[in-house]
Amino acid sequence: MIKRRLYDVLEMVGGLPSTHFNGELEINGVSTDSRNMQAGQLYVPLVGEKFDGHDFVGDVCNKGVACLLWQKNHGPAPADVSAIIVEDTLVALQQLAAAYRQQLPLKVIGITGSNGKTTTKDMVAAIAATTYRVHKTAGNFNNHIGLPLTILSMDEQCEVLILEMGMSGFGEIEQLSLIARPDAAVITIIGESHMLQLGSRKGIAQAKMEIVAGLKPGGLLVVPGNEPLLQERIEAQGLAEKFEIVRFGEHSLHDLYLTGVMVQAEHTSFTINLNDQVYSVPMAGEHNAYNALAAIAIGNWLQVNPEQAKFGLKQMVPTGMRMEVVKTATGLTVMNDAYNASPTSMKAAIAWIGMLKGYRRKFVVLGDMLELGPDAEMFHREIGRMLTPHVVDAVLTYGPQAAWIAEEAKANFADANVQHLEDHAAIADLIRQFSNEQDIVLIKASRGMKMEQVIAFLK
């Protein structure tokens, strides 16, 4: 974590010292949450529509805060603690993170995309950790607050920093990229997530390509080779003259491509064009082999030995609720992919379970895909038409939009094999009633549908 004298912090954020400022004191980390703040930290009271961190300054003073930022429009700073007065505490937090990143001799990798960015982040970290000291985004700390906090929580001995970059609108990835100043950047895929805010896949591609805003000249840009919307922007912006471009995918015209894939319930194995290694990741689905291709491209750029990259991928620990295998007390296999969903990732998950062998019956439990805008009904109905008895044995849906999935699927099944339910517990009861240890269930939906509750009831 960041450790700096207050004199240094003052300069890094461009603030003014309070009356009782002691510049020789040192901060040991940064917190924006008064409940979790530790003694010796810098407290940053953020201001939102429904909260104001300045209201909890008394609490952090009682916990031994070393210093706090103080937003100028909140009156005089407290007299009994060192404070740095700034125009905007959020902007100051971002400035502090940007300055800290610039002070350290490390490689920074930024990762964005409509789907797969968290998984790819975990894969890159697993490969890099075989050779370097690594720090990565934890959980979903991938926005204008989480990314600065991730940077500031990094130890100074870190050699490779891996930052996930999320967004919901234009300009957000650009801001994150300018804070992080990545040496390498990955765009995993252009899907349909945030269609409501960005209007079209073209708009999504434009927003994701903002990651090059802070990319260092001559840096690496890794992109899916089969996405014409990205290729158009690379050509229009002349990016091939500014950066090294690596395209990954399934085609021999790409720089890095798959030459073979084998998918099983708990892992995916694959080979690539660059060497004769057989790679394996502890996640199901061909789409995860493509995520691994992007991670391998970063590993090659970091000069990680292929044997080490293979070892790292095999040992990686995926973030929860992303094609996570769960065994219930009855022996039923549940594939928990309930963290997020878009039409692209939903189709990939259905294709995976359709190819899967070795199970008596296969069930899917599908919930709403959110933030799809005016085409939401069309996207859900497309998913429903994919579901046939050749793919799965039964379909359960949850949520008002997922009802469109059920309506389309019913045309392909007997009525009893497609049911729309409005209660997580009822879904679990139905699964228990008709399944046994020889079966597998895929659960997938957008995070807001809280489908992990179905798994909790099943356990």
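Here the structure is a predicted model, which means the values were calculated and not measured.

Peer 1: Looking at this model, I keep getting lost on the packing of aromatic side chains. Mind explaining?
Peer 2: Any two aromatic rings considered together are summarised by their centre-to-centre distance and by the angle between their planes. Taken as a whole and judged by the stated rule, the model has two aromatic pairs. Seen in terms of ring centroids, Tyr7 and Phe21 are 6.1 Å apart; in terms of plane orientation they differ by 65 degrees. Their pairing is edge-to-face. Of this pair, Tyr7 sits in helix α1 (residues 6–13) while Phe21 sits in the loop between β2 (16–17) and β3 (26–28); the two residues are 14 residues apart in sequence, bridging distant segments of the chain. By relative accessible area, which is 41% here, Tyr7 ends up partly exposed. Here Phe270 and Tyr279 contribute two aromatic rings whose centre-to-centre distance is 5.5 Å and whose plane-to-plane angle is 15 degrees, an arrangement assigned as stacked. For Phe270, a relative accessible area of 2% puts it in the buried group.

Peer 1: Please clarify how the environment of Val304 should be interpreted in this entry.
Peer 2: You can see Val304 is positioned in the loop between α10 (286–301) and α11 (306–315). For Val304, a relative accessible area of 4% gives the class buried. Between the C-alpha atoms of Val304 and Ser31, which are 273 residues apart in sequence, the distance is 34 Å.

Peer 1: What exactly am I supposed to notice about the pairing of strand β12 (residues 220–224) here?
Peer 2: Remark: a regular strand shows side chains that alternate across the two faces of the sheet. By the criterion of burial, β12 is predominantly enclosed, with five of the five residues buried. Along β12, one buried face is formed by Leu220, Val222 and Pro224 and the opposite face, lined by Leu221 and Val223, is buried too. In terms of strand pairing, strand β11 (residues 184–187) meets β12 through three bridges, oriented parallel. In the strand pairing of β12, Ala185 is matched with Leu221. Here five bridges tie β12 to strand β13 (residues 244–249), and the two strands are oriented parallel to one another.

Peer 1: For this particular structure, what's the right way to read the nonpolar core?
Peer 2: One recurring pattern in soluble globular proteins is that nonpolar side chains are buried together. If you look at the biggest cluster of nonpolar residues, it comprises 66 residues, and the most contacted ones within it are Val222, Phe270, Ile298, Leu313, Trp352 and Leu387. In terms of residue count, α10 provides more of this core than any other element does, eight residues in total. Not counting chain neighbours up to four residues away, the residues in contact with Val222 comprise Ala185, Val186, Ile187, Val246, Phe248, Ala294, Ala297 and Ile298. By size, the runner-up hydrophobic cluster in this structure holds 58 residues, among which are Ile151, Met167, Leu176 and Ile234.

Peer 1: Is there a simple way to explain α10 in this structure?
Peer 2: Think of an α-helix as turning once every 3.6 residues; residues three or four places apart then point the same way. With 16 residues, α10 extends 23 Å between its outermost C-alpha atoms, agreeing within 8% with the 22 Å of an ideal straight helix rising 1.5 Å per residue. Of all the positions in α10, only Asn288, Ala289, Asn291, Ala292, Leu293, Ala294, Ala295, Ile296, Ala297, Ile298 and Gly299 are classed as buried. Positive backbone phi, at 65 degrees, marks Gln303, one or two positions downstream of α10.

Rules behind the numbers
- Residues numbered from 1 in each chain as written.
- Predicted model: local features only at pLDDT ≥ 70, side-chain atom pairs only at ≥ 80, totals over all residues.
- Heavy atoms only, no water.
- Phe/Tyr/Trp six-rings, centres within 6.5 Å; stacked < 30°, edge-to-face > 60°.
- Helix = DSSP H or I, 4+ residues; strand = E, 2+ residues; numbered from the N terminus.
- Buried < 20%, exposed > 50% of the residue type's maximum accessible area, 1.4 Å probe, protein only.
- Pairing = 2+ DSSP bridges.
- Core = buried A, V, L, I, M, F, W, Y, C linked by side-chain atoms within 4.5 Å.
- Contact = heavy atoms within 4.5 Å.
- Expected span 1.5 Å × (residues − 1).

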